[in-house]
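In case you want the letters, here they are:
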Amino acid sequence: MNIPLEYILVLSSSLFIVGAAGVILKKNAIMVLMSIELMLNAANVNMVAFSSYYGDARGQVFALFSIGIAAAEVAVGLAILLNLNKLKKTVNVDDINLLRW
Amino acid sequence: MDILEYAWLIPVIPLLAFVIVGFLGNRMKDKGGLVAILGVGGGMVLALWTAFEILTTGRVYEVSMDWVVLSSEYRLEIGVFLDNVAAMMLIVVSFIAFLVVVYSTAYIHDQGPRRHRYYTEICLFVGVMLGLVLANNFIQMFIFWELVGLCSYLLIGFWFERPAAARAAKKAFLVTRVGDVMFMIGLFLLFTELKTLNFQLVWSALDTADAATLAFAGFFLFGGAIGKSAQFPLHDWLPDAMEGPTTVSALIHAATMVNAGVYLVARAFPILTQSAEVSLFVGVIGGITAFIAATMALCAPKIKGVLAYSTVSQLGYMILALGAGAYMWHFGHYVEASIAFGAGLFHLMNHAFFKGLLFLGAGSVIHYVHTEDLNKMGGLGKYMKVTSITMLIASISIAGIPPLSGFWSKDEVLAVTFQAGDANLTFMLLWILGVLTAFMTAFYMFRMWFMVFKGKENEGTKHATEHAHHKHEAPVAMLLPLVVLAALAFGSGFSLFIGDGFFGSIYYHEAHVLSIGERLTDVFTSPLTYVSIIAAVSGIVLAYFSFLKTTVSAEKFVSKGFPKAMHKLLLDRYKFPVAYDKIGYVGLYGFSLLLDKFDRYVIDGIVNAISAFLIGAGGVVRKAQTGFVQSYTTLLLAGVSLIIILLYVVGVLR
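Residues numbered from 1 in each chain as written. Chains lettered and ligands numbered in written order. Predicted model: local features only at pLDDT ≥ 70, side-chain atom pairs only at ≥ 80, totals over all residues. Heavy atoms only, no water.

Here we come to the overall build of chain B. A count of helices and strands for chain B gives 27 helices and two strands. Taking the principal axes of its C-alpha atoms as reference, chain B extends roughly 115 × 60 × 60 Å. Per-residue burial for chain B yields a buried fraction of 55% across its 654 residues. Total accessible area on chain B stands at roughly 26900 Å², and carbon and sulfur atoms take up 71% of it. For chain B, the distance from the average position of its 42 positive side-chain charges to the average position of its 41 negative side-chain charges is 14 Å. (Helix = DSSP H or I, 4+ residues; strand = E, 2+ residues; numbered from the N terminus. Buried < 20%, exposed > 50% of the residue type's maximum accessible area, 1.4 Å probe, protein only. Areas by Shrake-Rupley, 256 points an atom, 1.4 Å probe, with all protein chains shown as cover. Lys, Arg positive; Asp, Glu negative; His and termini not counted. Charge placed at Lys NZ, Arg CZ, Asp CG, Glu CD.)

Written out as structure tokens, the structure reads:
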């Protein structure tokens, strides 16, 4: 039995919106990073869903690829946060506005 | 061997000497004097040979090549053009220049290392003047014309540490520049109208060209001559130019600079003939110049001042003759016009000889007494025999006493002016001015001569004769040119009677050949001749009685009333220097100040306003860069959403 495509799209959209809301609203930088992961995974879900819908394996390959990249990106992001924490003694994004006018 | 094929070497030889003297002169013992003599002399030999070939065969020689090809229609040439007028100029320029250089070696022997600069500049001066004469088109002429101006600037300012000399050099350069700009405008008009500047092509294309444009072109070309030949109202630089060494004055006044303007008028003569108004204007300017310069010469306090005004006045005669000729040609009196053309150039030649002599003689006098003030001289005749006799010959010649050269040409100039009076009454007035000028010329020349060589010995003379090293009047190198020029000042008028006569060789379109007998009857049966002779003689007699016998006291005459005011005005040179300064300072400097204000407040204002606006706007806009990652993200998402919605609305995503 196949789950209809629309259901999965609703799921991934919700996931994406939750992620976007987290990126915009969360004050903790770690939470922001996690929200970005949510958005990425929403995209992955979409790719897998369309892959199965069209019967084309390339979407799943791309999803795996995307997961790999996301892992690397998180490593970089966490490293930045660690350094920030060392420098500014905070991970609150409202206190980090170094690149301003 | 055809000598004309080597004519291009004429200016090249002095220019070569210029390079050699310029680079090596300071190592030579005489600072390059010998090289200068050889260079100018070599140019002279070649020039005389070329002129002889041209004048005896009547050939017209031209060789040219493309220099700048602007387009297939507009091209500029560089080349050599030789006809009878150029040949005559070659003789005058090269010969007098050579004599002046020989004279200079003695005259400036005490100038030390500075002679190096003198010889360098004089070689360049002679070279570019010969180049000007040989030019086959107006633009080449203009280039040499500018170089002549540069050299005169350098030489007038030879003693640049004297403020007066520096000022005079600057004035000569700037005032002639006014004329040069007009010359340029004339060139542009001519070039756009006729698409060529080659002399012969211009002359042959005149009939098909637009008359109004040609009239303006002629007017502006003549403007160049006004500047260079020191015609009214741009004449005032020339008396100031006396600040240079006397030899330079001789060169400028007799051989080079000022003749360039007359030569230009001769070259532009066919253009001038196209318009009655312009040729009348030329004649009027010439007549006025001759008259007012002569009046200023009447009471000039310095020996070179008298000669300077005299030059301006005689140049006025030449221009007057050419103007009258152009006017008569316009109304179809071709024979008279071509005689008038010849008369102007005849006077140019004779004037070059006697004025060169007068300046070199004045140099000899100044060399002896070390002053230029006429009132400090007097009684020099018995100490300076050669100088006084040669200068007397020149004075008689310029005064116009037959049979000396000045008589023949001045008489011819006045005769053609009188003839032009038939066509237009203005020329009759100019003729009267001309006769008055002839009277004044005789008067001021003999005033000068009497004040220098006769009468009471004043302090300058006494001072000079007390010194033992002044036993001799001048070295041979100075006296020899004087004697040679005296022979020419006496006899150059007789060129009327050699071969076809002057008017049979130097003419415009039609030779005017008369036998000796015909010429003599032509001259001496005309009442006009006697009018000019009477004018000259009465001038001399008046000078004799007021400056030698002192039965008529000049001082008493100018001590009160109108003569006094007039005397003052003449000494102030009709306030022309003041007027120049006013125009220069108030007019041009004021205008410059206005432009400065415009630049400062309008142009800079606009620039500053734009930058101030950008800085202010930047200050406002940069507040958007808060540095908060989340606000960027919000904007990013909002933006992308907006784009998607828009794409959906316009239908791309549907």
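Still to come is the rest of the account.
This part takes up the overall build of chain A. Helices and strands together make up the secondary structure of chain A, namely three helices and zero strands. In chain A, the order of α-helices and β-strands from amino to carboxyl end is α-α-α. Relative to its length of 101 residues, chain A is extended, with a C-alpha radius of gyration of 17 Å against a globular reference of 13 Å. Dimensions of chain A, computed from the C-alpha atoms along their principal axes, are close to 55 × 25 × 25 Å. Buried positions account for 26% of the 101 residues belonging to chain A. Pairs at least 24 apart in sequence give 54% of the contacts found in chain A among residues at least 6 apart. Of the roughly 6900 Å² of accessible surface on chain A, a fraction of 71% belongs to carbon and sulfur atoms. Measuring between centres, the 7 positive side-chain charges of chain A sit 14 Å from its 6 negative side-chain charges. (Rg over C-alpha atoms; globule rule 2.2 N^0.38 Å. Contact = heavy atoms within 4.5 Å.)

Another aspect to go through is a nonpolar patch on the surface. All names here are of chain B. A cluster of nonpolar side chains, contributed by Leu636, Val640, Ile643, Ile644, Ile645, Leu647, Tyr648, Val649, Val650, Val652 and Leu653, occupies part of the molecular surface with about 1100 Å² of accessible area. Relative to the helices and strands, Val650 resides in helix H27 (residues 629–650). With a relative accessible area of 61%, Val650 lands in the exposed category. (Patch = residues over 30% accessible without salt bridge, like charges linked within 9 Å, V, L, I, M, F, W, Y side chains within 5 Å. Salt bridge = Lys/Arg side-chain N within 4 Å of Asp/Glu carboxyl O.)

What follows covers the nonpolar core. In terms of nonpolar packing, the biggest core is built from 220 residues, with Leu82, Phe138, Leu190, Trp237, Val365 and Met448 of chain B touching the most fellow members. Per-element accounting of this core gives the leading share, 21 residues, to helix H15 (residues 334–369) of chain B. Mapped onto the domain boundaries, this core takes at least three residues apiece from domain 1 (1–267) and domain 2 (275–571) of chain B. The residues touching Val365 of chain B, leaving out its near neighbours within four places in the chain, are Ile303, His370, Met377, Leu380, Met384, Thr387, Met391, Val452 and Phe453 of chain B. Of all hydrophobic cores here, the second largest spans 10 residues; its members include Ala20, Ala29, Val32 and Leu84 of chain A. (Core = buried A, V, L, I, M, F, W, Y, C linked by side-chain atoms within 4.5 Å. Domains from an automatic or database assignment.)

Once that is clear, we can look at the pairing of strand S2 (residues 75–82) of chain B. All names here are of chain B. Of all eight residues making up S2, six are buried, and the element is well covered by its neighbours. One ladder, built from eight bridges, connects strand S1 (residues 61–69) with S2; its direction is antiparallel. The residue of S2 that forms the bridge with Val69 is Arg75. (Pairing = 2+ DSSP bridges.)

A few words now on the domain arrangement of chain B. The domain architecture assigned to chain B consists of domain 1 (1–267), domain 2 (275–571) and domain 3 (579–650). Measuring from the centre of the C-alpha atoms in domain 1 of chain B to the corresponding centre in domain 3 of chain B gives 54 Å.

Interfaces are often sized by the accessible area lost when the parts come together. Chain B puts 11 residues into the contact, and the matching count from chain A is 14 residues. Both faces considered, chain B and chain A share a buried interface measuring about 1000 Å² in area, 61% of it formed by carbon and sulfur atoms. Looking at the side of chain B facing chain A, the largest losses of area belong to Phe628, Gln630 and Leu637 of chain B, adding up to 48% of the total buried there. Taken together, the connections running from chain B to chain A amount to zero salt bridges. Along the contact surface separating chain B from chain A lie four residue pairs in polar contact (both at pLDDT 80 or more). Broken down by class, the residue content of the side of chain B that touches chain A amounts to three nonpolar, six polar and two charged. (Buried area = accessible area lost by both parts, 1.4 Å probe. Polar contact = N/O pair within 3.5 Å; in protein donor to acceptor, adjacent residues only side chain to side chain. Nonpolar A, V, L, I, M, F, W, Y, C, P; charged D, E, K, R; others polar.)

Moving on to empty space enclosed by the protein. Residues and elements named next belong to chain B. Under the criterion given, the structure shown has one cavity of 30 Å³ or more. Roughly 40 Å³ of volume is contained in the largest cavity. Together, Ala399, Gly400, Gly406, Phe407, Lys410, Asp411, Ala438 and Ser532 line the largest cavity. No other element matches helix H17 (residues 405–423), which puts four residues into the lining of the largest cavity. Taken together, the residues of the lining of the largest cavity break down into three nonpolar, three polar and two charged. (1 Å grid on protein atoms, 1.4 Å probe; cavity = no way out; pocket = protein on both sides within 12 Å on 5 of 7 lines; lining within 4 Å. Points joined across faces, edges and corners; volume = space filled by probe spheres on them.)

Let us now look at the pattern of salt bridges. Residue and element names in this part refer to chain B. For the structure shown, the criterion picks out 14 salt bridges over all chains. Glu161 is the salt-bridge partner of Arg114, the closest N and O atoms lying 3.2 Å from each other. Of this pair, Arg114 sits in helix H4 (residues 114–134) while Glu161 sits in the loop between helix H5 (138–156) and helix H6 (163–194), placing them 47 residues apart in sequence. Given a relative accessible area of 22%, Arg114 falls into the partly exposed group. Where Arg162 meets Glu243, a salt bridge forms, and the shortest distance between an N and an O atom there is 3.3 Å. Taken as a pair, Arg162 in the loop between H5 and H6 and Glu243 in the loop between helix H9 (237–240) and helix H10 (246–255) lie far apart in primary sequence, 81 residues in all. In this structure, a network of salt bridges that share partners links the residues Asp2, Glu53 and Arg59.

Counting through the fold element by element, Leu197 of chain B comes out in the loop between H6 and helix H7 (199–205). Spatially, the C-alpha atom of Leu197 of chain B lies 8.8 Å from that of Arg75 of chain B, the residues being 122 residues apart in sequence.

Now for helix H23 (residues 527–548) of chain B. With 22 residues, H23 of chain B should reach 32 Å at 1.5 Å per residue; the first-to-last C-alpha distance of 31 Å fits that figure. Here H23 of chain B starts with a cap whose side-chain oxygen sits 3.1 Å from the backbone nitrogen of Leu528 of chain B, and that cap is Ser526 of chain B. (Expected span 1.5 Å × (residues − 1).)

Residue and element names in this part refer to chain B. Axis separation between helix H3 (residues 84–107) and helix H20 (residues 476–491) bottoms out at 7 Å; the angle between their running directions is 155°. In terms of their interaxial angle, H3 and H20 are classed as roughly antiparallel. Considering only the axes of H3 and H20, their crossing is left-handed. Across the interface between the two elements, Phe95, Ile96, Leu99, Val102, Tyr103, Thr105, Ala106 and Tyr107 of H3 pack against Ala477, Met478, Pro481, Val484, Leu485 and Leu488 of H20. Tallied by class, residues from the contact of H3 with H20 come to 13 nonpolar, one polar and no charged. (Axes fitted to C-alpha atoms, helices over the stretch in contact; angles between N-to-C directions. Parallel < 35°, antiparallel > 145°, perpendicular 65-115°, else oblique. Left-handed = near helix turned anticlockwise from the far one by under 90°.)

Once that is clear, we can look at unusual backbone geometry. Residue and element names in this part refer to chain B. Residue Pro233 follows Phe232 across a cis peptide bond; omega there is 0°. Here Pro233 shows up in the loop between helix H8 (211–228) and H9. The residue His370 is not glycine, and still its phi comes out positive at about 55°. Relative to the helices and strands, His370 is located in the loop between H15 and helix H16 (385–399).

A word on the packing of H4 of chain B against helix H11 (residues 257–267) of chain B. Residues and elements named next belong to chain B. As a packed pair, H4 and H11 sit with axes 11 Å apart at the nearest point and diverge in direction by 5°. When the axis of H4 is compared with that of H11, the two are roughly parallel. Residues Phe125, Met129, Leu132 and Val133 of H4 form the contact with H11, whose participating residues are Met257, Ala260 and Tyr263.

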